[in-house]
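# Architecture and fold: a report
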Amino acid sequence: MPDITRRTLLRLLAALPAALPLCACLPKHVNAASPEERLRRALGQLLLVGFRGTDAPEGSPQARDLAELNVAGLVLFDYDTVLKQYGRNIQSPEQLARLTAQLRKLSATPPLLAVDQEGGRVQRLKQRYGFLETPSAAALGLAGADTSATLAAGRDVGAQLARMGLNVDFAPVLDVNRNPHSPAIGAVDRSFSADPALVAAHGAAFARGLRSQGVLTCVKHFPGHGSAREDSHLGLPDVTGLWSPVELEPFRELIRANLADMVMTAHLFNSEWDDVPASLSQRVIGGMLRRDLGFDGVVVSDDLNMEAVAGRYGLEEAMLMALDAGCDLLLFGNNLRYDPDIAPKALDILCRNALSGRLAPDRLQRSFARIARLKTRML
């Protein structure tokens, strides 16, 4: 190994103990591994990936990703978008509980096990599979200032996820319904209201309900997707001249109330923010979110397989831009596009750029520390 690379590796390893408590993010047996392997397994904590399968047999990608690559966790879906069929990871309460128990047992470190369970049209745990469904955000928001039903809905969702062994809900949605025809938000009833104060109030109630059951929250989609005319699954929405600073208010309120365990970024473009999508922008994540709103928790990218990003940037470029911008977890839902080896490919990119010095040790240390803190709250 060249001297410059070895010096970088030693700097990276020296940064790990302070940032990654052994019990949270580095399995004990890794202490005996080579320096390169210790680094590789630590870098796995920057990845959150999707998979195919209703169980996790030996040799499966999901077993490898958790046991060998030490990814931070997995995201589960009921519908396989590529195959156009249901039953991808979720088929019944009994099956799902068995699966999550398998995944926890496989994982060398406590895994994040996440779903989108918002209510309404976005529910991975559906009534047809034997689960309890909850109303949409739009339906709950009709109650105005009375947030009691929203609190109960969050509590019910949290209780169900916890029983199934899931510990992260990609919810609540804090997008303000500025465009009721927005294909990804307003048109599918995912926003609580057109009033930012009501979005904040109902979002806080739903978050408290989740928290009461031990489920971590992930508020989305920062800095606000409610004015978009396009769906970021299909392309990059341009909200220049459409977005308003009032869309920040729900995020500001939940961050202030310490109800945002994680924040998910949005694949949106606004020429007033930057010349790159918000999810890859230092000005948006490092500036608007971290500096202006004071958020120092875990930032997760929206799915890097979405066309808004995947159609414009290569895998390596998108990953590095997201990390440079301030993201801590890189999300690959692995459902819009499917690659059973997305985790090892992404990890190779992280290792190569860490060893070359492109990813600085202090930058990685900040993300490791945030992820470690997050995981202590779910133990």
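What this report covers is the structure whose coordinates are included nearby.

Conventions adopted
Residues numbered from 1 in each chain as written. Predicted model: local features only at pLDDT ≥ 70, side-chain atom pairs only at ≥ 80, totals over all residues. Heavy atoms only, no water. Phe/Tyr/Trp six-rings, centres within 6.5 Å; stacked < 30°, edge-to-face > 60°. Helix = DSSP H or I, 4+ residues; strand = E, 2+ residues; numbered from the N terminus. Buried < 20%, exposed > 50% of the residue type's maximum accessible area, 1.4 Å probe, protein only. Lys NZ or Arg CZ within 6 Å of the ring centre and 35° of its normal. Core = buried A, V, L, I, M, F, W, Y, C linked by side-chain atoms within 4.5 Å. Contact = heavy atoms within 4.5 Å. Axes fitted to C-alpha atoms, helices over the stretch in contact; angles between N-to-C directions. Left-handed = near helix turned anticlockwise from the far one by under 90°. Nonpolar A, V, L, I, M, F, W, Y, C, P; charged D, E, K, R; others polar. Polar contact = N/O pair within 3.5 Å; in protein donor to acceptor, adjacent residues only side chain to side chain. Pairing = 2+ DSSP bridges.

This part takes up the packing of aromatic side chains. Taken as a whole and assessed by the stated rule, the structure comprises three aromatic pairs. Here phenylalanine 222 and phenylalanine 251 contribute two aromatic rings whose centre-to-centre distance is 5.2 Å and whose plane-to-plane angle is 85°, an arrangement assigned as edge-to-face. Of this pair, phenylalanine 222 sits in strand β9 (residues 216-222) while phenylalanine 251 is found in helix α9 (residues 249-256), placing the two residues 29 residues apart along the sequence. Residue classification places phenylalanine 251 among the buried positions, given a relative accessible area of 1%. Ring geometry for tryptophan 243 and tryptophan 273: centres 5.1 Å apart, planes at 85°, overall edge-to-face. Of the two residues, tryptophan 243 sits in the loop between β9 and α9 while tryptophan 273 sits in the loop between β10 (262-265) and α10 (282-292), which places them 30 residues apart along the sequence. The class of tryptophan 243 is buried, set by a relative accessible area of 13%. Sitting over the ring of tyrosine 338, arginine 52 keeps its end group 3.9 Å from the ring centre. Above the plane of the ring of tyrosine 86 lies arginine 128, whose end atom (NZ or CZ) is 4.5 Å from the centre.

In terms of nonpolar packing, the biggest core is built from 110 residues, with Leu43, Leu330 and Leu350 touching the most fellow members. No other element matches helix α13 (residues 342-355), which puts eight residues into this core. Residues within four places of leucine 330 in sequence aside, it is in contact with Leu46, Leu47, Leu48, Ser301, Leu304, Met319, Ala322, Leu323 and Leu350.

Our next topic: the packing of helix α12 (residues 315-325) against α13. Running from N to C, α12 and α13 point in directions that differ by 60°, and their axes come no closer than 10 Å. Read as a crossing pair, α12 and α13 show a hand that is right-handed. Of α13, the residues touching α12 (which contributes Leu315, Glu316, Met319, Leu320 and Leu323) are Ile342, Ala346, Ile349, Leu350, Arg352 and Asn353. Tallied by class, the residues present in the contact of α12 with α13 amount to eight nonpolar, one polar and two charged.

Structurally, arginine 52 is set in the loop between β1 (47-50) and α4 (61-67). On the basis of relative accessible area, arginine 52 is assigned to the partly exposed category, the value being 23%. In the structure, arginine 52 is positioned 286 residues away from tyrosine 338 in sequence and 8.7 Å away in space, judged by C-alpha atoms. Setting aside anything within four residues of it in sequence, one finds arginine 52 in contact with Gln62, Asp80, Val82, Leu83, Arg88, Asn89 and Tyr338. One polar contact links arginine 52 to aspartate 80, side chain to side chain, over a distance of 2.7 Å.

Take the environment of aspartate 55 next. Secondary-structure assignment places aspartate 55 in the loop between β1 and α4. Note: C-alpha distance between aspartate 55 and threonine 100 (45 residues apart in sequence) is 8.5 Å. With sequence-adjacent residues up to four places away left out, aspartate 55 is seen in contact with Gln62, Leu99 and Gln102.

In strand β5 (residues 112-115), alternate side chains face the same way, and those of Leu112 and Ala114 on one face and Leu113 and Val115 on the other are all buried. When strand β2 (residues 73-75) meets β5, the two strands line up parallel, connected through three bridges. Residue valine 75 lies in a different strand from β5, and its bridge partner there is alanine 114. By the bridge criterion, two bridges tie β5 to strand β8 (residues 168-169) in an arrangement that is parallel. Bridged to alanine 114 within β8 is valine 168.

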